[in-house]
Amino acid sequence: MVPAFLSLASMYGLTFLFKDSLIFAPARRYLVEIPFFRDLLSCAYCTGFHSGWIVYLLLFDFPKPSVQGFLQFVGHLLVYAFAGMGFSGFVDSLALSI
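Since the structure is predicted, the reported quantities are computational estimates derived from the model, not experimental observations.

(A) Here's a closer look at the overall build of the protein. The helix and strand inventory of the protein stands at five helices and zero strands. Starting at the N terminus, the α and β elements of the protein follow one another as α-α-α-α-α. Summing over all exposed atoms, the protein offers an accessible surface of approximately 6600 Å²; the carbon and sulfur share of this is 75%. In the protein, 5 positive and 5 negative side-chain charges are present, and the distance between their average locations comes to 3 Å.

(B) Seen up close, the nonpolar core. Membership of the largest hydrophobic core is limited to six residues, which are Met-11, Leu-14, Val-55, Tyr-56, Phe-73 and Tyr-80. Looking at this core, the elements that each hand over two or more residues are helix H1 (4-19), helix H4 (44-59) and helix H5 (67-97).

(C) Just the environment of Leu-8, in detail. As for its position among the elements, Leu-8 is in helix H1. With relative accessibility at 25%, the residue Leu-8 sits in the partly exposed group. Between the C-alpha atom of Leu-8 and that of Ala-83, which follows or precedes it by 75 residues, the distance is 7.6 Å. Once residues lying within four places of it in the same chain are set aside, the contact partners of Leu-8 are Ala-83 and Phe-87.

(D) How the structure looks around the packing of H1 against H5. Between H1 and H5, the shortest axis-to-axis distance is 9 Å and the interhelical angle comes to 65°. Between H1 and H5, the angle is such that the two are roughly perpendicular. As for the relative orientation of H1 and H5, their crossing is right-handed in sense. In contact with Ser-7, Leu-8, Ala-9, Met-11, Tyr-12, Thr-15 and Lys-19 of H1, H5 contributes Tyr-80, Ala-83, Gly-84, Phe-87, Ser-88, Val-91 and Asp-92. For the contact of H1 with H5, the residue count by class is eight nonpolar, four polar and two charged.

(E) Quick look at H1. Taking 1.5 Å per residue, 16 residues should reach 22 Å; H1 reaches 22 Å between its end C-alpha atoms and fits that length. For H1, every residue scored as buried is listed here: Ser-7, Met-11, Tyr-12, Leu-14, Thr-15 and Lys-19. The buried residues of H1 occupy an angular sector of 155° when the element is viewed end-on, so they sit on one face.

(F) How the structure looks around the pattern of salt bridges. On inspection of all chains with the given rule, the structure shows two salt bridges. The residue Asp-20 makes a salt bridge to Lys-19 at a minimum N-O spacing of 3.3 Å. By relative accessible area, which is 33% here, Asp-20 ends up partly exposed. Salt bridges sharing common partners tie together Lys-19, Asp-20 and Asp-92.

About the thresholds
Residues numbered from 1 in each chain as written. Predicted model: local features only at pLDDT ≥ 70, side-chain atom pairs only at ≥ 80, totals over all residues. Heavy atoms only, no water. Helix = DSSP H or I, 4+ residues; strand = E, 2+ residues; numbered from the N terminus. Areas by Shrake-Rupley, 256 points an atom, 1.4 Å probe, with all protein chains shown as cover. Lys, Arg positive; Asp, Glu negative; His and termini not counted. Charge placed at Lys NZ, Arg CZ, Asp CG, Glu CD. Core = buried A, V, L, I, M, F, W, Y, C linked by side-chain atoms within 4.5 Å. Buried < 20%, exposed > 50% of the residue type's maximum accessible area, 1.4 Å probe, protein only. Contact = heavy atoms within 4.5 Å. Axes fitted to C-alpha atoms, helices over the stretch in contact; angles between N-to-C directions. Parallel < 35°, antiparallel > 145°, perpendicular 65-115°, else oblique. Left-handed = near helix turned anticlockwise from the far one by under 90°. Nonpolar A, V, L, I, M, F, W, Y, C, P; charged D, E, K, R; others polar. Expected span 1.5 Å × (residues − 1). Arc of directions from axis to C-beta. Salt bridge = Lys/Arg side-chain N within 4 Å of Asp/Glu carboxyl O.

Here it is in structure tokens:
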């Protein structure tokens, strides 16, 4: 089992990578020309939501094919997505207030 802190740190790390890092700046300059990505990459909550489900897909195995396994997978995916949104938005707002 992956510790919760590692999951949350990974979510915020991806959010920071996509939204604020110099490494991703060339791609971000290109993507902000598209209105959807301009809005997405300017918002820590939005980017954090997507970082959350990406982290879930990277850290955990897919369930065995069954209806119950699929429903559990979707439930966990949503929990991670909303956790990423909340944690990334919280940390970003703390960083902006300093």
